[in-house]
Structure formats: structure tokens, C-alpha cells
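# Structural overview for review
Given next are the chains, with one letter for each unit.
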Amino acid sequence: SNTVINGDLKSSKTLSAEIGIKGQLKSFDYDASVFSTTYKNQIGTVTGVANTTLGNVGEGQYEGIDLSARNKFNENIEAFVNSQFLKARFVSGPLDKKTPAYAPHYLHKVGLQHQTDRLKHRLSATFVEEHYSDDNNTVERKIPSYNVWD
């Protein structure tokens, strides 16, 4: 399929709000926030039979929660966790009620780190829910949930 750029492309406008809390209790650090972002005239792709059109696809709404925590067990060892919970959707336009590309409902990362004066070792795992690689939410373009260990 060919990609066609809409000749009447308009600039996107974004409105974002976030509120959170951050703190520390002895060796435990935490951070939590909620956010909302609205994109007017969001730029995306609409896939047809013969062409994919890049253009303004309406309004996108992204709402979520970010959480993170870290605990230092001693000078050398710490554990961490980061999570994001996201509700993303188009709320108007040709993709109304669809989920924007690359917007999984959750993403979690956990890990353990050991550090000395000369070396740092880290083991972490990232867990990502299934999501689409296109704005049309085409079943063939769905990315299955996956885990990455590094």
C-alpha cells in the first residue's frame, strides 16, 4: 500500500495536565502521578484498500497513571518498579473510538541493581500489553503482549 500525505494537513494542538506526589520514607522512594493529554487535529494514518493516508484524524485523548518506587536495601543493592496504566482513544474523526497506535493499556518494569565502586549490574524485566501498530486497529497489525529481560 502507498502512503499519501493529506495536502490539507493542519498543525496539532496539545493540552496536557499532570498532578502527582513524590516522597521518600527512609530508604524507600516513591512517585505517583495522574495525567491527561488531549490532541486536537491529531496526526495519524487511515488505511484504505489501496492507500494509507497520513493526515488529521480527529481528537485523541490519553489518560493514565504513572507509578514508580525504589528501595535501597544497602549501599550496593536496590530494587525498583515502574508502571504505567494508559487509556488512549480517539474521541472524534474517522478513527472515533479506536485506540491510537503504540498505546498499550499497561507497561511495567521491575528490576534489581547491584553496584560497587567499579561495576554496576542490573537485571530488569519489562512487561508490555498487546497493542496496535496502526491507528485503524487492524488485527493483522496487532502487536502481542511481550516481556523483555535485560
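Residues numbered from 1 in each chain as written. Predicted model: local features only at pLDDT ≥ 70, side-chain atom pairs only at ≥ 80, totals over all residues. Heavy atoms only, no water.

On to the sheet that holds strand β5 (residues 51–56), then. Strand order across the open sheet formed by three strands is β1-β5-β4, with mixed pairing between neighbours. Each edge of the open sheet carries a strand with a single partner, namely β1 (2–5) and β4 (43–47). Along the sheet, successive strands turn relative to each other by an average axial angle of 25 degrees, direction set aside. Judged from the five bridges that link them, β4 and β5 form a sheet pairing that is antiparallel. (Pairing = 2+ DSSP bridges. Helix = DSSP H or I, 4+ residues; strand = E, 2+ residues; numbered from the N terminus. Axes fitted to C-alpha atoms, helices over the stretch in contact; angles between N-to-C directions.)

All right, on to the sheet that holds strand β6 (residues 60–72) then. Strand order across the open sheet formed by seven strands is β2-β3-β6-β7-β8-β9-β12, with antiparallel pairing between neighbours. The open sheet has two edge strands, β2 (13–25) and β12 (146–149), and neither has a second partner. Neighbour-to-neighbour, the strand axes of this sheet turn through a mean angle of 10 degrees, independent of strand direction. Pairing between β2 and strand β3 (residues 28–40): 13 bridges, direction antiparallel. When the bridges of β3 are listed, Leu15 appears paired with Thr38.

Below, the discussion takes up the pairing of strand β9 (residues 120–128). With nine bridges joining them, strand β8 (residues 106–115) and β9 adopt antiparallel strand pairing. In the sheet register, Leu107 faces β9, and the bridge partner there is Val128. In textbook terms, the turn of a hairpin is the stretch between consecutive antiparallel strands, and for β8 and β9 this stretch comprises four residues. As defined by bridge partners, β9 adjoins β12 across four bridges and the pair is classed as antiparallel. Bridge pairing in β12 links Ala125 to Trp149.

Glancing now at the pattern of salt bridges. Between side chains of opposite charge, a pair can form as their charged atoms come close. Counting across every chain of the model gives seven salt bridges. Between Asp8 and Lys10 there is a salt bridge; the shortest N-O distance is 3.0 Å. Judged by its relative accessible area of 49%, Asp8 is partly exposed. Among the salt bridges present, the one from Asp29 reaches Arg70, with a minimum N-O distance of 2.4 Å. One end of the pair, Asp29, is in strand β3; the other, Arg70, is in strand β6, and 41 residues separate them in sequence. (Salt bridge = Lys/Arg side-chain N within 4 Å of Asp/Glu carboxyl O. Buried < 20%, exposed > 50% of the residue type's maximum accessible area, 1.4 Å probe, protein only.)

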